[in-house]
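Structural characterization, general
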Amino acid sequence: MIDRRKFIKTMSMLGLSMPAMAKSFSGRSGNSSVVKNNPIILCSRGEKWGKKVLKPGWDILRKGGQLLDAVERSANVTELDPEDSSVGYGGLPNENGVVQLDASIMYGPTHNCGSVAAIEGIKTPSSVARLVMERTDHIHIVGKGAQNFARAHGFKVENLLTERARKSWLRWRENISDKDDWFPPKDGNYDKNRPNGTINVLAVDRAGDIAGITTTSGLAWKIPGRIGDSPIIGAGLYVDNEAGAAGATGRGEEILRTCGSFFVVEQMRAGKSPQEACEALCERIIYINGGKEKVNFNDKIVALNKNGEVGCAAIRGSKGSEPELAFWSKNGFEVFKGTFLIEN
Ligand code: GLY
């Protein structure tokens, strides 16, 4: 026998009410009327990157082109740009100074998905993830196997470590300890931050179909072989054609233990708006970590539903430095400021 009170308490800890549960079990979205011919593409960045990243994807979508081409071309922009130190070429390396990349892709109409993890030497891991989805019977391919698969499809294996990333890694290596044989230079300042930036691209096409990509170089100075949330379907990315799409950035371990993107999409299916769903995940992460006082990391989640409504929330932030996303729709380019739960 299920104890009803315990059941309801557990459901409310999950952020689900009883009527919401009923809807989610039916497998149907809370949004019954879907607006067609309302394409939109978003990314988990603000104005500067948003404009660059979304332009090629929006050009495809507005002309009625392929949804997957749109998200892939947009994700490729950051992957190929060495100025971004958290994605693709120019990404910060692992503790051995080797760049290892993670990426995933998911297509709402079929729930097809693909991902690569800890792949070395390939500038555009999201394109390899798409090939895993479209040209294999698998979902995840990692490490050397992923590189071999990319090579088989004609990708060039290149050095992804830029001079800027190498110098940041060297400075970190030299500052780990004053008991080893690596000495830091006497002058320079050392940035103790361990970035784990990432980018999510989510889009709806004219037909109302949804797709998404998450791509990253992962946590800087990670243990070789560590993979974060980004290549794990349901963690760093999840797309459902009825309920919507979500993608995560920030500390991947927290998103993994909450199945973060799946959680957000299911909250939308249960009737929450994308914004409410993103906030529910942040609350859940704080809850399972023992409360706001115990949380010293950050995560950010972005979401999109079929009707082009967007949401964005982060664990931490400050006034004037709210978490944001950028999107392109028929109304042009816009930046959306989200909410945060803990003031920095
Ligand atoms: N969210 C990116 C990572 O933790 O690898």
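An account of the accompanying structure is given in this report. Note that the structure is predicted; figures quoted are calculated from it, not measured.

Paired through backbone hydrogen bonds, the strands of a sheet run either parallel or antiparallel to each other. One open sheet accounts for eight strands, arranged β4-β3-β2-β6-β5-β1-β11-β12; its pairing is mixed. The two strands at the open ends of the sheet, each matched to only one other strand, are β4 (140–142) and β12 (332–337). The sheet shows a mean angle of 10° between the axes of neighbouring strands, direction not considered. With three bridges joining them, strand β3 (residues 112–119) and β4 adopt parallel strand pairing. If you follow V116 over to β4, its bridge partner there is I141. Across the face of the sheet, helix α5 (residues 125–135) comes into contact with β2 (101–107), β3, β4 and β6 (210–216) while running at roughly 135° to β3.

Neighbouring the ligand are the residues N196, T198, G218, L219, R226, G228, D229, S230, G250 and G252. Separating an oxygen atom of the ligand from a side-chain N or O atom of R226 is a distance of 2.6 Å. G252 is positioned with one of its backbone polar atoms (N or O) 3.0 Å from an oxygen atom of the ligand. Taken atom by atom, the bulk of the ligand overlaps the largest cavity.

Within this model, the largest pocket holds a volume of roughly 730 Å³. If you trace the largest pocket, you find 30 residues lining it, with N196, G197, T249, G250 and N298 closest to the centre. Listed by contribution, the elements that provide at least two residues to the lining of the largest pocket are α3 (47–62), β8 (244–250), β9 (299–304) and β10 (310–317). Per-element accounting of the lining of the largest pocket gives the leading share, three residues, to β10. When the residues that make up the lining of the largest pocket are grouped by side-chain class, the tally is six nonpolar, 14 polar and 10 charged. Approximately 270 Å³ is the volume found for the second largest pocket. Lining the second largest pocket we find 14 residues, and of these S85, L92, S168, D191 and P195 sit closest to its centre. The residue makeup of the lining of the second largest pocket, split by class, is five nonpolar, five polar and four charged.

Moving on: the packing of aromatic side chains. The geometry of an aromatic ring pair is captured by the separation of the ring centres together with the interplanar angle, meaning the angle of the planes. Within this structure, the stated rule accounts for four aromatic pairs. Note on W172 and W221: the rings are 5.5 Å apart at their centroids and 15° apart in plane angle, and the pair reads as stacked. With W172 in helix α7 (residues 163–175) and W221 in the loop between β6 and β7 (237–240), this pair connects stretches of sequence that are 49 residues apart. The residues W172 and W221 share a single accessibility class, namely buried.

Those residues of helix α6 (residues 143–152) that fall on the buried side of the exposure criterion are G143, A146, Q147, F149 and A150. Seen along its axis, α6 keeps its buried residues to an arc of 160°; they face one direction. Residues K144 and A152 are exposed on α6 and point more than 90 degrees away from its buried face. The inward-facing, buried residues of α6 contact β3, α5 and β4. Positive phi appears at G154, one or two residues downstream of α6, with a value of about 95°.

Turning our attention to the pattern of salt bridges. Two side chains carrying opposite charge are able to pair once their charged atoms lie near each other. Considering all chains together, one arrives at 21 salt bridges under this definition. We note a salt bridge from D178 to K179, for which the minimum N-O separation is 3.8 Å. Classification of D178 by relative accessible area gives exposed; the value is 69%. Taken together, the shared-partner salt bridges connect D69, E72, R73, R130 and E134 into one network.

Reading across from one edge, β7-β8-β9-β10-β13 is the order of the five strands in this open sheet, with mixed pairing throughout. Strand pairing shows two members of the sheet lacking a second neighbour, β7 and β13 (339–343), which therefore form its edges. Looking at each pair of strands side by side, their axes are set apart by 10° on average, direction ignored. Contacting β7, β8 and β9, helix α9 (residues 260–269) runs over the sheet at an angle of about 145° to β8. The sheet contacts of helix α10 (residues 274–288) involve β9, β10 and β13, and relative to β10 the element is tilted by about 25°.

Reading the values: rules and limits
- Residues numbered from 1 in each chain as written.
- Predicted model: local features only at pLDDT ≥ 70, side-chain atom pairs only at ≥ 80, totals over all residues.
- Heavy atoms only, no water.
- Pairing = 2+ DSSP bridges.
- Helix = DSSP H or I, 4+ residues; strand = E, 2+ residues; numbered from the N terminus.
- Axes fitted to C-alpha atoms, helices over the stretch in contact; angles between N-to-C directions.
- Contact = heavy atoms within 4.5 Å.
- Near = heavy atom within 4 Å.
- Polar contact = N/O pair within 3.5 Å; in protein donor to acceptor, adjacent residues only side chain to side chain.
- 1 Å grid on protein atoms, 1.4 Å probe; cavity = no way out; pocket = protein on both sides within 12 Å on 5 of 7 lines; lining within 4 Å.
- Sits in = over half its atoms within 2 Å of the grid points.
- Points joined across faces, edges and corners; volume = space filled by probe spheres on them.
- Nonpolar A, V, L, I, M, F, W, Y, C, P; charged D, E, K, R; others polar.
- Phe/Tyr/Trp six-rings, centres within 6.5 Å; stacked < 30°, edge-to-face > 60°.
- Buried < 20%, exposed > 50% of the residue type's maximum accessible area, 1.4 Å probe, protein only.
- Arc of directions from axis to C-beta.
- Salt bridge = Lys/Arg side-chain N within 4 Å of Asp/Glu carboxyl O.

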